[in-house]
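Listed below, chain by chain, are the residues.
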Amino acid sequence: MTKVYYECMDDDMVSKDHIQTAFNFRHAAKRFDGTKKIPDSEFELLLEVARLSPSSFGLEPWNIIVVNDDSFRKELLPWCWGAQGQLPTASHFVIFTAKTSAAMLPDAPYAKHALQTVRGLSETEAGEYVAFYKKWLTEDYGRLEAPQLLHEWAARQAYIALGNMMTVAAMRGIDSCAIEGFKIEKVSQLLEARQCIVPKQDLPVVMLALGYRIDPPKPKARRVLNQIVKEV
Ligand SMILES: Cc1cc2nc3c(=O)[nH]c(=O)nc-3n(C[C@H](O)[C@H](O)[C@H](O)COP(=O)(O)O)c2cc1C
């Protein structure tokens, strides 16, 4: 019988030191060495890590836009105050979009469609699952009383993939910077003009610049553990 992952795991695979080193290596890179490109196989791994990331109800309510075109980066630049150093120098630049609240409503086609096409559920099974989703949104999570929150909830799922990408990038010696410093409305318009989104369905929520550092990072500033963790 094939062994499960934890049964095969030893320190050569992912040592505690390796994890700690990667988390200390990762920092918010403000600009990158523009001469260095992330190899395709490494970038493909990062996309795969995003793809395999979990999402609530398995709805995967987000997408990734990879901005390869330099002229599009130049168009984005005036509207991305938080990416002034990263946009022109990053090896790869990614924009996460998340489903709008309208698209996340249980009666909208997205959820049922996703469950049928991705999970292979039958029409009836997908219908039952969506009914359960609606019940949870109404009775437990209270999100249908303030439906605009559904987009924020979708964005949270995108941030799980974002975090996984940044962590694995660091483990592979790749630098990164998450970016929220941009004008959502303007970036949405630019993405729509390039036919990357239909704004009624998807909106940009966060960006990720990836590449190789050119400046040394600042020392880490973090709260100490006992300010963060409470035990009961
Ligand atoms: C969701 C998110 C959004 C961020 N947005 C920006 C940004 O727009 N521009 C930027 O230079 N840094 C941005 N940062 C980087 C943070 O400022 C940085 O992670 C934080 O100060 C901690 O520093 P460190 O990542 O170097 O440890 C963002 C980080 C996160 C997680």
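Just so it is clear, the structure is predicted and the values come from calculations on it, not from any experiment.

1. Some thoughts on the site of the ligand
Taken together, 14 residues lie near the ligand, and Ala 28, Lys 30, Gly 82, Gly 181 and Lys 220 sit nearest. Interatomic distance of 3.3 Å between a side-chain N/O atom of Gln 86 and an oxygen atom of the ligand. A distance of 2.8 Å is found between an oxygen atom of the ligand and a side-chain nitrogen or oxygen belonging to Lys 220. Ranked by the residues each element gives to the shell around the ligand, the list is headed by strand 3 (residues 175–179), at three residues. Of the residues in the shell around the ligand, the class split is five nonpolar, four polar and five charged.

2. Some remarks on the layout of surface pockets
Empty space within the largest pocket amounts to approximately 280 Å³. Contributing to the lining of the largest pocket are 15 residues, with His 27, Ala 28, Lys 30, Pro 217 and Lys 218 lying nearest its centre. Its residues placed into classes, the lining of the largest pocket shows seven nonpolar, one polar and seven charged. Of the volumes computed, that of the second largest pocket is approximately 190 Å³. Arg 51, Gly 58, Leu 59, Glu 60, Trp 62, Asn 63, Lys 99, Tyr 110, Ala 114, Leu 115, Val 118 and Arg 119 are the residues that line the second largest pocket.

3. Observations regarding the side chain of His 27
Its place among the elements puts His 27 in the loop between helix 2 (16–25) and helix 3 (40–51). Among all residues touching His 27, those that are not within four sequence positions of it are Asp 175, Ser 176, Arg 213, Asp 215, Pro 217 and Lys 220.

4. Quick look at helix 6 (residues 109–117)
Buried within helix 6 are the following residues: Tyr 110, Ala 111, Ala 114 and Leu 115. Axial view of helix 6: buried residues confined to an arc of 125 degrees, hence all on one face. Among the exposed residues of helix 6, those oriented more than 90 degrees off its buried face are Pro 109 and Thr 117. On its buried face, helix 6 is in contact with strand 2 (92–99), helix 5 (101–104) and helix 7 (123–140).

5. Some points on the domain arrangement of the protein chain
The domains assigned to the protein chain are domain 1 (18–102 + 147–216) and domain 2 (106–142). Using only C-alpha atoms to locate each centre, domain 1 and domain 2 end up separated by 28 Å. Facing the 11 residues of domain 1 at the interface are 12 residues of domain 2. Each partner contributes to the roughly 1000 Å² buried at the junction of domain 1 and domain 2, and carbon and sulfur atoms together form 69% of this total. Its largest share of buried area at the contact with domain 2, domain 1 owes to Phe 57, Leu 59 and Trp 153, together 59% of the area lost on that side. Linking domain 1 with domain 2 are zero salt bridges. Class assignment of the residues belonging to the side of domain 1 that touches domain 2 gives a composition of six nonpolar, two polar and three charged.

6. Brief notes about the packing of aromatic side chains
Summed over the entire model, instances satisfying the criterion amount to nine aromatic pairs. For the pair Phe 57 and Phe 132, a centre-to-centre distance of 5.7 Å together with 55 degrees between the ring planes defines the contact as tilted. Linking Phe 57 in the loop between helix 3 and strand 1 (62–66) with Phe 132 in helix 7, this pair joins segments that are 75 residues apart in sequence. The class for Phe 57 is buried, based on a relative accessible area of 13%. In this structure Phe 132 comes out as partly exposed when scored by relative accessible area, which is 48%. Connected via pairs of aromatic rings, a cluster forms that spans Phe 57, Tyr 129, Phe 132, Tyr 133, Trp 136, Tyr 141 and Trp 153. Directly above the ring of Trp 79 sits Lys 186, whose terminal nitrogen or CZ lies 4.9 Å from the centroid. A cation over an aromatic ring shows up here: Arg 213 above the ring of Phe 25, its NZ or CZ 4.0 Å from the ring centre.

Reading guide: rules and limits
Residues numbered from 1 in each chain as written. Predicted model: local features only at pLDDT ≥ 70, side-chain atom pairs only at ≥ 80, totals over all residues. Heavy atoms only, no water. Near = heavy atom within 4 Å. Polar contact = N/O pair within 3.5 Å; in protein donor to acceptor, adjacent residues only side chain to side chain. Helix = DSSP H or I, 4+ residues; strand = E, 2+ residues; numbered from the N terminus. Nonpolar A, V, L, I, M, F, W, Y, C, P; charged D, E, K, R; others polar. 1 Å grid on protein atoms, 1.4 Å probe; cavity = no way out; pocket = protein on both sides within 12 Å on 5 of 7 lines; lining within 4 Å. Points joined across faces, edges and corners; volume = space filled by probe spheres on them. Contact = heavy atoms within 4.5 Å. Buried < 20%, exposed > 50% of the residue type's maximum accessible area, 1.4 Å probe, protein only. Arc of directions from axis to C-beta. Domains from an automatic or database assignment. Buried area = accessible area lost by both parts, 1.4 Å probe. Salt bridge = Lys/Arg side-chain N within 4 Å of Asp/Glu carboxyl O. Phe/Tyr/Trp six-rings, centres within 6.5 Å; stacked < 30°, edge-to-face > 60°. Lys NZ or Arg CZ within 6 Å of the ring centre and 35° of its normal.

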